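One-letter residues, chain by chain:
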Amino acid sequence: MARGAEEMQGSGRLARLIGWLQRAEVFLAGFFLVGMVAMIFTGGVARMVGRPLNMTIDLATCFFAWATFLAADIAWRQDRLIAFDLFSSLLPDRARRVLTLVNLAIIAAILAYGVVAGCWLAWVSRARSFQGIPGVSYSWVTMALPVGSALMLVTTLGRIRRLLRGGEDGA
């Protein structure tokens with residue numbers, strides 16, 4: 001009896017941690033989006049008054065990369081990405097579930113590749129620095145790929161798990 005209660009409490013802690021991480025992801029995606037717009041606006045105003053700030057474009061690029069990958073996971077988790085179910089909706093339930101599982105497995109494989117390739121890209125770009133921000137590694141931008149892919153991979157694996165447990169379609 002006590003073991004079941006411990007597992008329930010452990011899963012409650014995990015659910016709270018996941019909820020906190022998801023809220024942090026939404027906050028960071030919004031922060032990076034607003035930061036990107038602020039950098040572009042600041043750079044434009046600075047150029048207009050004759051004092052260009054070269055680092056604003058580099059920071060906006062970095063913020064854009066991170067906002068894009070974080071927002072992609074948020075959209076994927078909330079099932080807000082574009083989907084075509086013209087043919088799959090005609091299939092029987094079991095065939096539709098198998099097709100969904102195959103699609104999710106393909107997506108998981110692509111995301112796993114994104115994690116590996118993104119880590120390699122960040123490693124090889126570690127010596128490259130921003131043009132407008134000397135001394136800051138370009139790996140800060142390229143790390144958005146493996147981190148975003150890893151987040152989307154976790155979301156995808158959760159969908160696969162729900163699908164195998166007999167829940168919703170997962171996608």
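Residues numbered from 1 in each chain as written. Predicted model: local features only at pLDDT ≥ 70, side-chain atom pairs only at ≥ 80, totals over all residues. Heavy atoms only, no water.

Engineer: Explain the overall build of the protein to me, please; I cannot follow it from the model alone.
Structural biologist: Within the protein, the secondary structure is distributed over five helices and zero strands. On C-alpha atoms alone, the protein measures out to a radius of gyration of 21 Å, which is more than a quarter above the 16 Å that the 2.2 N^0.38 rule sets for 171 residues. By its C-alpha atoms, the protein is 65 × 50 × 30 Å across when sized along the principal axes. Out of the 171 residues in the protein, the part that is buried amounts to 29%. Considering only residue pairs separated by 6 or more positions, the protein has 71% of its internal contacts joining residues 24 or more positions apart. Summed over all atoms, the accessible surface of the protein reaches about 11800 Å², with 70% contributed by carbon and sulfur. The centroid of the 17 positive side-chain charges in the protein is displaced by 7 Å from the centroid of its 10 negative side-chain charges. (Helix = DSSP H or I, 4+ residues; strand = E, 2+ residues; numbered from the N terminus. Rg over C-alpha atoms; globule rule 2.2 N^0.38 Å. Buried < 20%, exposed > 50% of the residue type's maximum accessible area, 1.4 Å probe, protein only. Contact = heavy atoms within 4.5 Å. Areas by Shrake-Rupley, 256 points an atom, 1.4 Å probe, with all protein chains shown as cover. Lys, Arg positive; Asp, Glu negative; His and termini not counted. Charge placed at Lys NZ, Arg CZ, Asp CG, Glu CD.)

Engineer: Sorry if this is basic, but what is going on with the pattern of salt bridges here?
Structural biologist: Pairs may arise between side chains of opposite charge once their charged atoms sit close together. According to the stated counting rule, one finds four salt bridges in the structure shown. Among the ionic pairs, Glu25 bridges to Arg77, the shortest N-O distance being 2.7 Å. Taken together, the residues span a long stretch of sequence, with Glu25 in helix 1 (residues 2–48) and Arg77 in helix 2 (residues 55–77) at a distance of 52 residues. Overall, the relative accessible area of 7% leaves Glu25 in the buried class. Taking relative accessible area as the criterion, Arg77 reaches 22% and is therefore assigned partly exposed. Residue Arg77 is joined to Asp73 by a salt bridge in which the shortest nitrogen-to-oxygen separation is 3.1 Å. Of the two residues, Arg77 and Asp73 both sit in helix 2, four residues apart, roughly one turn of that helix. When salt bridges that share partners are traced, they join Glu25, Asp73 and Arg77 into one network. (Salt bridge = Lys/Arg side-chain N within 4 Å of Asp/Glu carboxyl O.)

Engineer: Explain helix 3 (residues 93–124) to me, please; I cannot follow it from the model alone.
Structural biologist: Since the α-helix packs 3.6 residues into each turn, any two residues three or four apart lie on the same face. Here helix 3 contains 32 residues, and its C-alpha end-to-end distance of 46 Å stays within 8% of the 46 Å for a straight helix at 1.5 Å per residue. Considered for burial, the residues of helix 3 that qualify are Thr100, Leu104, Ala108, Leu111, Gly114, Gly118 and Ala122. Packed against the buried residues of helix 3 are helix 2, helix 4 (139–142) and helix 5 (144–164). (Expected span 1.5 Å × (residues − 1).)

Engineer: What is the right way to look at the packing of helix 3 against helix 5 in this model?
Structural biologist: The geometry of a pair of packed helices is captured by two quantities: the angle between their axes and the separation between those axes. Packing of helix 3 against helix 5 leaves a shortest axis separation of 8 Å and a crossing angle of 160 degrees. Classified by the angle between their axes, helix 3 and helix 5 sit roughly antiparallel to one another. Note on packing geometry: the crossing formed by helix 3 with helix 5 is left-handed. Of the residues contributing to the contact of helix 3 with helix 5, the split by class is 17 nonpolar, five polar and two charged. (Axes fitted to C-alpha atoms, helices over the stretch in contact; angles between N-to-C directions. Parallel < 35°, antiparallel > 145°, perpendicular 65-115°, else oblique. Left-handed = near helix turned anticlockwise from the far one by under 90°. Nonpolar A, V, L, I, M, F, W, Y, C, P; charged D, E, K, R; others polar.)

Engineer: Just checking my understanding: could you explain the nonpolar core for this structure?
Structural biologist: Where a protein is soluble and globular, its nonpolar side chains tend to be buried together. Membership of the largest hydrophobic core comes to 16 residues, with the highest contact counts inside it found for Phe32, Cys62, Trp66, Phe130 and Val141. Listed by contribution, the elements that provide at least two residues to this core are helix 1 and helix 2. When residues no more than four places from it in sequence are discounted, the contact partners of Cys62 are Phe130, Trp140 and Val141. In this structure, Ala108, Leu111, Leu153 and Ile160 belong to the second largest nonpolar core, which totals eight residues. (Core = buried A, V, L, I, M, F, W, Y, C linked by side-chain atoms within 4.5 Å.)

Engineer: Teacher, can you tell me more about the packing of helix 2 against helix 5 here?
Structural biologist: Interaxial distance between helix 2 and helix 5 falls to 9 Å at its minimum, and their mutual angle equals 5 degrees. By the angle between their axes, helix 2 is roughly parallel relative to helix 5. Judged by residue contacts, Ala65, Trp66, Phe69, Leu70, Ala72, Asp73, Trp76 and Arg77 of helix 2 engage Ala144, Leu145, Val147, Gly148, Leu151, Met152, Thr155, Thr156 and Arg159 from helix 5. Across the contact of helix 2 with helix 5, the residue classes tally to eleven nonpolar, three polar and three charged.

Distances and angles like these do not, on their own, reveal function.
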